[in-house]
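Residue strings, one per chain:
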Amino acid sequence: MIDCDFIPSDYHQARRQQRAVKLRGTLISLLVVIMVLWITANRHEVSQASAMLNDVIAQQQQLAVHLAKKDAMEAEKNRLRDRQRLMEQFERHASLVVVLGDISRRLPETVVLTHVSFQSASLRRYAPASPDKATAPPGVEATATAAKEPAEPAVVTRIIMSAFANEVSEAIRCAAALERSPLVAHVQMELKGETVWSGRKGHQFELDCELMDQSGSDE
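Worth saying up front: this structure is predicted, and the values here are computed from it rather than measured.

Undergrad: Explain the overall build of the protein to me, and be specific about the residues and the numbers.
TA: If you tally the helices and strands in the protein, you get 4 helices and 4 strands. Burial analysis of the protein (219 residues in total) assigns 19% to the buried set.

Undergrad: Go over the sheet that holds strand 2 (residues 157-165) with me, naming the residues and quoting the values.
TA: Sheet strands pair via backbone hydrogen bonds, and the direction of the pair is either parallel or antiparallel. Strand order in the open sheet formed by 4 strands is 1-2-4-3, with antiparallel pairing between adjacent strands. Of all strands in the sheet, those with a lone pairing partner are strand 1 (111-119) and strand 3 (184-197), marking the two edges. On average, adjacent strands in this sheet sit at an angle of 15° to one another, irrespective of strand direction. Across 11 bridges, strand 3 lies against strand 4 (residues 200-211) in antiparallel orientation. From the neighbouring strand, Trp197 faces strand 4, where its bridge partner is Arg200. Here helix 4 (residues 168-179) sits on the sheet in contact with strand 1, strand 2, strand 3 and strand 4, set at roughly 160° to strand 3.

Undergrad: Lay out the pattern of salt bridges with the relevant residues and their values.
TA: Within the structure shown, the criterion is met by 6 salt bridges. Glu190 is the salt-bridge partner of Lys192, the closest N and O atoms lying 3.4 Å from each other. Each of Asp102, Arg105 and Arg106 takes part in salt bridges that share partners, so that together they form one network.

Undergrad: Explain the pairing of strand 4 to me, and be specific about the residues and the numbers.
TA: Pairing geometry for strand 2 and strand 4, over 9 bridges, is antiparallel. In the sheet register, Ala163 faces strand 4, and the bridge partner there is Phe205. Connecting strand 3 to the next strand, strand 4, in antiparallel fashion are 2 residues, including Ser198 with a positive phi near 55°.

Undergrad: Any chance you could break down the confidence of the model for the protein for me, citing the residues and the numbers?
TA: Across the protein, pLDDT averages 77, with 73% of residues at or above 70. Considering each helix and strand of the protein separately, the mean pLDDT is smallest for helix 3 (residues 142-148), with a value of 38, and largest for helix 4, with 90. Segment residues 131-154: pLDDT under 50, and 5 contacts once partners within four positions in sequence are set aside and those in other chains are kept.

Undergrad: Could you give me a rundown of the nonpolar core, with the residues and numbers involved?
TA: For soluble globular proteins, the rule of thumb is that nonpolar side chains tend to be buried together. In terms of nonpolar packing, the biggest core is built from 20 residues, with Ile103, Val111, Met161, Val187, Phe205 and Leu207 touching the most fellow members. Only helix 2 (96-106), strand 2, helix 4, strand 3 and strand 4 provide two or more residues apiece to this core.

Undergrad: Talk me through the side chain of His203; I want residue IDs and the actual numbers.
TA: Tracing the backbone through its elements, the reader meets His203 in strand 4. Those residues within four positions of His203 in sequence are excluded, and the remaining contacts are Ala163, Phe164, Ala165, Asn166, Glu167, Val168, Gly193, Glu194 and Thr195.

Undergrad: Describe a nonpolar patch on the surface, and please don't skip the residues or the numbers.
TA: On the surface, a nonpolar cluster with roughly 430 Å² of combined accessible area is contributed by Leu31, Met35, Trp38 and Ile39. In this fold, Met35 is placed in helix 1 (residues 9-91).

What counts and what doesn't
Residues numbered from 1 in each chain as written. Predicted model: local features only at pLDDT ≥ 70, side-chain atom pairs only at ≥ 80, totals over all residues. Heavy atoms only, no water. Helix = DSSP H or I, 4+ residues; strand = E, 2+ residues; numbered from the N terminus. Buried < 20%, exposed > 50% of the residue type's maximum accessible area, 1.4 Å probe, protein only. Pairing = 2+ DSSP bridges. Axes fitted to C-alpha atoms, helices over the stretch in contact; angles between N-to-C directions. Contact = heavy atoms within 4.5 Å. Salt bridge = Lys/Arg side-chain N within 4 Å of Asp/Glu carboxyl O. pLDDT = per-residue confidence, 0-100. Core = buried A, V, L, I, M, F, W, Y, C linked by side-chain atoms within 4.5 Å. Patch = residues over 30% accessible without salt bridge, like charges linked within 9 Å, V, L, I, M, F, W, Y side chains within 5 Å. Areas by Shrake-Rupley, 256 points an atom, 1.4 Å probe, with all protein chains shown as cover.

Written as structure tokens, this is what we have:
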């Protein structure tokens, strides 16, 4: 038996077009939803990456600050270590606390120290032997060679002070007071001429003296 379809073909074509439009609309809506979800997730990941990047930059800056502090502390440590070694070297022969205390008590009230420096013992005794000894003629006596050699320099620590005084007589009086100190010797004074210090006009001079060895002293 042959089925007869009395519905017009235009109706079936219109239904197919409607189903195709619905399917396309559904697919487009699904694609829009997927795009919105992807954009949202992408923005979230970008914000997280930006926050992590900011944290990394902050950590790098903090690390740079810590490294700078570490370098400064290392430099300060080396400086203090050098000062400690210098103080230990001076303490072997002369106490700087005792010397500076004695000098401050002997300075006249009108004299002001502007600079103080120390010179440690000479290291020339560690220098290698002179090549003249190796090239000396074979006929020269050993006693004659020894007589020509200079004596080994004594171990001396010096203190050099720059000072300011209103009058030259005050500078001379200051040098004389240091000469009477049992802690220093061979005081040499050198006038540097007139100058202005802290708004006062006066004379600048320099004192150079040797520190006496205090080893075995009661102080």
